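# A structural walkthrough
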Amino acid sequence: MARTQVGLRARSGASMPELLVAMLVLLVGIWVVAAKFPKLTEIMRGERLRDQMARMAEQHAENARAGAEWLPVQVAAYDPALVGLGNIYGLAEGLPPVYNAADEPNWDDQARPLNTVENTLLVLGETFRVPAPGPDAPDPQAPYFLKAGPAELVWWVYQPIPLTRDDDIDPSTVVTPLPGTFYAQTSGALRFVPPERDPQGNPFTPAVLPVLGGAVVEVAYAWVDGAGQEHWIQGESVLCQPSGALNGLWTSSVLNGVTAGGGIVPDSVTAFLRSPYNVQNYLGTPVPTANPPIAAVDQRYGHALWFNASEQGKTLCVGYRLRTYANPADPTDPDIGRRIPLIVERHRVPDQPSDPTAGVYEVALDHRKLEDAVPLFSVDLSGAPLTAPYDQTHVFAVDAESGDIYTDADGTLTVDYPADGEVVPGWDEGRISFPSGSPAAGRELLFYYRTLARETVQLQRAPASFTEDIWSGQSPAQPVPGWAIGRWYFPSRDGTTYDPTSPILKLPDCCLSQTVRVEYVGRDQQRFVEVHTLGTQSPATVTVDDPDVSGSQPAARIISVSGVSVRAFATWLDRGRLRTTSVEGLLAAQLEPSLTREPRATVSRP
């Protein structure tokens, strides 16, 4: 009988329930990834922006280190409540630099008053050389572009002229020095005669000296107190008056650092004369030759100083305050007084059009999403509303040689110019285009603009040198007139404030988080150089290691205190929060101004 074998047939694949479960798992995974993707994209975008700002800060710090000899003496914040206290470079109105490293910048919390980080506005002692007029510059004048950005106020421009110490003069007598020389009396009075020629060999006219009723001389010197302790002063501003007794002689009162019972060390004094320039507004007309000479500030944006061509090659110094928000229609606007966050870049415009058909020359800026709703500036440097088209400028570029200005308001440059001619809304690409035949083709240009993220990079630095302010355990109620840039002082020598065997230098808070160099002579007349990085909390103090200032004959002699670091400080707005990053850099010590006891050239009297 035949048998039939019955069994299950082999099959492959998945059942419908298994397939539905697998699809559900896959859909959940896709949903999770899709839900996270915008956040991951935003995080990646934020990190790219942070990397970009860090690179810009690093480049800014590197540029500062590479050209340290041309850095400003100080870039600092200030407290508006202190306006009028102290004295900077002989000005009647001083702005004492302050800085609190604990302050966090926040331009969006309008209920909170401004802090020192948001008011890093003071650029003091920026040194530069007057350039030659460019090939296309209006003759006879040449522009110099301020390093830290457009200025709102320029306090002073001067030429430093070295004076030679006349060692043939007895400091205890009243004798007229030779032209271009000076001497200091033991009592602390300074006497000098203006030079006959400036450093370029041109005749020097003493008529340029009277400013604020006198002539300003910057001096560095040592003085000895009643206990025999030497004190060294750097960068003190001295106001000298014409002497009525001797024609051509200028004299000062007693130098501020010298106290009762103290005396100047005559061979320690170094000095240079500040030959002032008249600061005027520049509105496009040629800068005339004048006596005193003129430094004309661009009235519209404040980004440049203009000089007559005859000033070419002179080394000058300028002090200014960076531009802030202003709204003449609403004086209660809480943004008034806050520093405007600007980006300043240098680019070369191509020699050939990027699109021969359209005939335009394109430049790609480093940032996208430019601010296209709020003009850069609403008022000129006098506070008057800007006139058309400058009142609608969102981006402007300046020829680095001729000083010619191109703006988006007057049509000499456009933003986000696409190849197909369509309008690109929002200025998202950050592309700048110049029309066919533009004279900007092939030229180096500086671009100034604001971004939606409020990105900016700014240099900060502690004072390049310090003036000894007081020798006591208490800080003065207000800075001593003529205190120049920064101050330092020892605590009391009687031991009631600090341990006298480890003296502490107290520095202004603008030095917090930065590095200073202290040079001094300690025990057994050994010379010491120490580098200290200050903390982040006030007060800013440095404890020097070796000196002993106890007893009747203290051994410490501070020769110099100088700031030797710079900070490139970058800020930007990201997802509604203001973020910051900074890069620190040490400056080469040999580029820092410091006092030495090396003999100076002397002048033999006939």
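This is a predicted model, so every value here is computed, not measured.

Calculation notes
- Residues numbered from 1 in each chain as written.
- Predicted model: local features only at pLDDT ≥ 70, side-chain atom pairs only at ≥ 80, totals over all residues.
- Heavy atoms only, no water.
- Helix = DSSP H or I, 4+ residues; strand = E, 2+ residues; numbered from the N terminus.
- Buried < 20%, exposed > 50% of the residue type's maximum accessible area, 1.4 Å probe, protein only.
- Contact = heavy atoms within 4.5 Å.
- Core = buried A, V, L, I, M, F, W, Y, C linked by side-chain atoms within 4.5 Å.
- pLDDT = per-residue confidence, 0-100.
- Pairing = 2+ DSSP bridges.
- Axes fitted to C-alpha atoms, helices over the stretch in contact; angles between N-to-C directions.
- Phe/Tyr/Trp six-rings, centres within 6.5 Å; stacked < 30°, edge-to-face > 60°.

## What about the overall build of the chain?
In terms of helices and strands, the chain carries 1 helix and 33 strands. Evaluated residue by residue, the chain yields a buried proportion of 50% over its 606 residues. Considering only contacts in the chain between residues 6 or more positions apart, those separated by 24 or more positions represent 66%.

## A word on the nonpolar core
Ranked by size, the top nonpolar core spans 23 residues in total, and within it F192, V217, V219, Y221 and L273 carry the most contacts. Looking at this core, the elements with two or more residues in it are β5 (151-165), β6 (181-184), β7 (190-192), β8 (215-224), β9 (230-242) and β12 (270-276). The greatest single-element share of this core, amounting to 5 residues, is contributed by β8. Ignoring any residue separated from it by four or fewer positions in sequence, one finds V217 in contact with L163, L190, F192, E236, S237, V238, C240, A271, F272 and L273.

## Section: the environment of R575
With respect to the helices and strands, R575 occurs in the loop between β32 (565-574) and β33 (577-586). Of the residues examined, R575 reaches a relative accessible area of 46% and is grouped as partly exposed. On a C-alpha basis, the gap between R575 and E42 in space is 8.9 Å, while along the polypeptide they are 533 residues apart. Leaving out residues up to four positions away in the same chain, R575 has contacts with E42, I43, R45 and G46.

## Observations regarding the confidence of the model for the chain
For the chain, the mean per-residue pLDDT works out to 77, and 75% of the residues sit at or above 70. Mean pLDDT in the chain bottoms out at strand β2 (residues 97-98), which sits at 64, and peaks at strand β23 (residues 444-449), which reaches 95.

## Some remarks on the pairing of β6
Of the two faces of β6, the one carrying T181 and Y183 and the one carrying F182 and A184 are both buried. Bridge analysis of β6 against β7 gives 3 bridges, and the strand direction is antiparallel. Along β7, the bridge assignment pairs A184 with L190.

## Focus: the sheet that holds strand β19 (residues 395-399)
Pairing in this open sheet of 4 strands is antiparallel, and the strands run β17-β23-β19-β20 from one edge to the other. Because the sheet does not close on itself, it has two edges, and the strands there are β17 (343-348) and β20 (405-407). Geometrically, the sheet is characterised by an average inter-axis angle of 25 degrees between neighbouring strands, direction not taken into account. Bridge analysis of β19 against β23 gives 5 bridges, and the strand direction is antiparallel. By the bridge assignment, F396 is partnered in β23 with Y448.

## Side note on the environment of Q299
With respect to the helices and strands, Q299 occurs in the loop between β14 (294-298) and β15 (304-308). Owing to a relative accessible area of 6%, Q299 belongs among the buried residues under this scheme. Residues Q299 and L283, 16 residues apart in the sequence, show an inter-C-alpha distance of 6.1 Å. Apart from residues no more than four positions distant in its own chain, Q299 is found in contact with N281, Y282, L283, D380, L381 and S382.

## Details of the packing of aromatic side chains
This structure, assessed with the given rule, holds 13 aromatic pairs. Here the aromatic rings of F128 and Y144 are separated by 3.9 Å at their centres, their planes lie at 10 degrees, and the arrangement is stacked. With F128 in strand β3 (residues 122-129) and Y144 in strand β4 (residues 141-145), the pair connects residues that are 16 residues apart, well separated along the chain. Taking the relative accessible area as the measure of exposure, F128 reaches 2% and is therefore buried. For the pair Y406 and F434, a centre-to-centre distance of 5.6 Å together with 90 degrees between the ring planes defines the contact as edge-to-face. Here the residue Y406 occupies a position in strand β20, and F434 occupies one in strand β22 (residues 431-434), the gap between them amounting to 28 residues. What makes Y406 buried here is its relative accessible area of 5%.

## A few points about the sheet that holds β4
Within the open sheet, the 4 strands sit side by side as β4-β15-β14-β13. Their pairing is mixed. Two strands lie at the open edges of the sheet, namely β4 and β13 (278-282), each paired on one side alone. Direction aside, neighbouring strands of the sheet carry axes that sit 35 degrees apart on average. By the bridge criterion, 5 bridges tie β4 to β15 in an arrangement that is antiparallel. Bridge assignment links A142 to a residue of β15, and that residue is F307.

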